[in-house]
Amino acid sequence: VIGKDILELVSTAMYIDPLTIYREYVQNAADSIDEAKADGVMGPDETGRVDISIDLANRSVTIRDNGAGVPNEDFSGRLTALGGSRKRGTAARGFRGVGRLAGLGYCQELVFRSRSGVDERVHELRWDCRLFKKLLADHSFDGGVRELVRRVATVTELDDGGDWPAHFCEVELVKPVRIGNDILLNAEAIARYLSQVAPVPFSPEFGFGAAIRDRLAQHMKLGEIDIHIDGQGPLYRPYRNEYRYGEAKTDTFTEVEFKEIEGMDGDVAAVAWIMHHGYFGAIPAAEGVCGLRARVGNIQIGGHRIFANVFPEARFASWAVGEVHVIDGKLFPNGRRDDFETNAHYGRLVAHLGPIGDLVAKKCRNSSVVRNRMKVFEIGALKIDERMKVLEQRAVGGAEAEAIRRDIRSEMFEIGKVVESHLLDETQKSGLSAALTVLEGRLADTEVASKEDALGALPEGEREVVRKMIELIYDCSANRVAAKSLVDRILARLGAG
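Just so you know, these numbers come straight off a predicted model, no measurement behind them.

A. Representation of the environment of Asp425. With respect to the secondary-structure elements, Asp425 resides in the loop between helix 9 (398-419) and helix 10 (426-448). As for Asp425 and Ser368, which are separated by 57 residues in sequence, their C-alpha atoms are 14 Å apart. For Asp425, the side chain forms a polar contact with the main-chain nitrogen of Thr427, separated by 3.1 Å.

Rendered as structure tokens:
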């Protein structure tokens, strides 16, 4: 006996995040487009396309593809079947035969329309989702799955008015439920989600996109499609040459690294790529690029933290930018496609991702050390600059001036050690070395100018009194910058300098 509640489990209970229903329907569209190309219905270079149309006034969404479509003779049986997908054992992305039910729990009606290239008529399947939920909750209804489907699903043949494509399939969500900020009708939220999870191409603005695509294409068919929302688009993956990691802070990607992961049978089980950058901090999830992500059939599985456990510290998962494209057919996404089924093949994959996690962690830690040392140099250079400006006033002299020079030389020695750090790259070393050279030149200039006295125009008796007063100002002040400003005003009033 298969009771009615099984339908709740494979629809509402499986798809907790409302936006995942878009992933399921785009996935089915991508498989249909691949089928159309394999059967010659579409040319191999013809662009697969999915159009998502949002009607806010009538509260409906239509998702239409230009794939092979479902033949009239198979339409009813295929679209009301539960599980047992004919895709199992093929290269198709979906194979459990339940993804099309994803919308049942999120709208008042779920409508499918389709025809193949050899059909004249368009067939329509309409699910009454309100009645569906009512019967699921009705304890007096003791019918099984078959009876429930008969009560809530209706198949009709539509008149061909000439407006339907020659071959297509579309899903219409009628009156989706209001969730959050009405996310199921929010074009921006849908676009942001699909740009991350769907098999859409890299942006032409992403400088490493071609290299990544070419490397992946050596092992798999990417099956990229164009997705347009309300006639806009097409959507592109969110990767760009730069990313934001803080308020008004950006960093640039510098290098892409690839790793092929061998499976238990000796074949390539997965291909990983990772983008290197400055590793200045965790990348906000809102950027849409953080994390070592998983993809099967070029569709994302789970979220950006799916492989967080391969990093020595889970926090480093948000510092990484990359993907693992799984090829091995023995690595299965689970039913919700938010993770993989656990088996020996998956364990081997995770183990071989460990070196990537270690590499990212090492770069994060090195970057932190470098930032700290750069900060030490910056603070030291500021201290030197403050003391240098006192000497450049030429208002202190003798032992006091020499004591300031000793402090400057001591600070220069400390920041000089930063310049020699092996963790700094050549560009960083060159920049710090140039800054240190400038400071050394200024110190040498003060020694040459030490014979010039800013108080030289004052009578000798007054000169020593004023000099002593200035030295006391510097000795007693906790803020050397404020003290220098005061001395500058004193010298100006005395007409010195």
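B. Geometry of the pairing of strand 11 (residues 268-276). Most of strand 11 is tucked away, with eight of its nine residues classed as buried. Bridge analysis of strand 10 (residues 255-262) against strand 11 gives eight bridges, and the strand direction is antiparallel. When the bridges of strand 11 are listed, Ile261 appears paired with Ala270. Linking two consecutive strands that pair antiparallel, namely strand 10 and strand 11, is a turn of five residues; a positive phi of about 90 degrees is found at Gly266 within it.

C. Spotlight on the environment of Met264. In this structure, Met264 sits in the loop between strand 10 and strand 11. You can call Met264 partly exposed: its relative accessible area is 46%. Among all residues touching Met264, those that are not within four sequence positions of it are Ala344, His345 and Arg348.

D. Here's a closer look at the pairing of strand 6 (residues 168-176). Extensive coverage of strand 6 is indicated by the burial of eight of its nine residues. Strand direction decides the pairing type here: strand 2 (residues 60-65) and strand 6, joined by six bridges, are antiparallel. Looking across to strand 6, one finds that Arg64 is bridged to Glu170.

E. Structural view of the sheet that holds strand 11. Spatially, the five strands line up as an open sheet ordered 10-11-14-12-13, and their pairing is mixed. Each having just a single partner strand, strand 10 and strand 13 (299-301) make up the two edges of the open sheet. Across the sheet, the mean angle separating the axes of adjacent strands is 30 degrees when strand polarity is ignored. Lying over the sheet, helix 8 (residues 344-393) contacts strand 10, strand 11, strand 12 (291-296) and strand 14 (321-326), oriented at roughly 155 degrees with respect to strand 10.

F. Focus on the packing of aromatic side chains. Overall, the coordinates contain 13 aromatic pairs when judged by the stated rule. Judged by centre distance (6.2 Å) and plane angle (70 degrees), the rings of Tyr25 and Phe112 are edge-to-face. Here the residue Tyr25 occupies a position in helix 2 (residues 20-38), and Phe112 occupies one in strand 3 (residues 107-115), the gap between them amounting to 87 residues. The buried category is assigned to Tyr25, whose relative accessible area is 4%. For Phe112, a relative accessible area of 3% puts it in the buried group. Relative to Trp273, the ring of Phe202 lies with its centre 6.3 Å away and its plane at 75 degrees, an arrangement referred to as edge-to-face. One end of the pair, Phe202, is in the loop between helix 6 (187-197) and helix 7 (209-217); the other, Trp273, is in strand 11, and 71 residues separate them in sequence. Site record: aromatic cluster; members linked through ring pairs are Phe202, Phe206, Phe208, Tyr239 and Trp273. In this arrangement the basic side chain of Arg64 is found over the ring face of Phe168, its NZ or CZ atom lying 5.2 Å from the centre.

The rules behind the values
Residues numbered from 1 in each chain as written. Predicted model: local features only at pLDDT ≥ 70, side-chain atom pairs only at ≥ 80, totals over all residues. Heavy atoms only, no water. Helix = DSSP H or I, 4+ residues; strand = E, 2+ residues; numbered from the N terminus. Polar contact = N/O pair within 3.5 Å; in protein donor to acceptor, adjacent residues only side chain to side chain. Buried < 20%, exposed > 50% of the residue type's maximum accessible area, 1.4 Å probe, protein only. Pairing = 2+ DSSP bridges. Contact = heavy atoms within 4.5 Å. Axes fitted to C-alpha atoms, helices over the stretch in contact; angles between N-to-C directions. Phe/Tyr/Trp six-rings, centres within 6.5 Å; stacked < 30°, edge-to-face > 60°. Lys NZ or Arg CZ within 6 Å of the ring centre and 35° of its normal.

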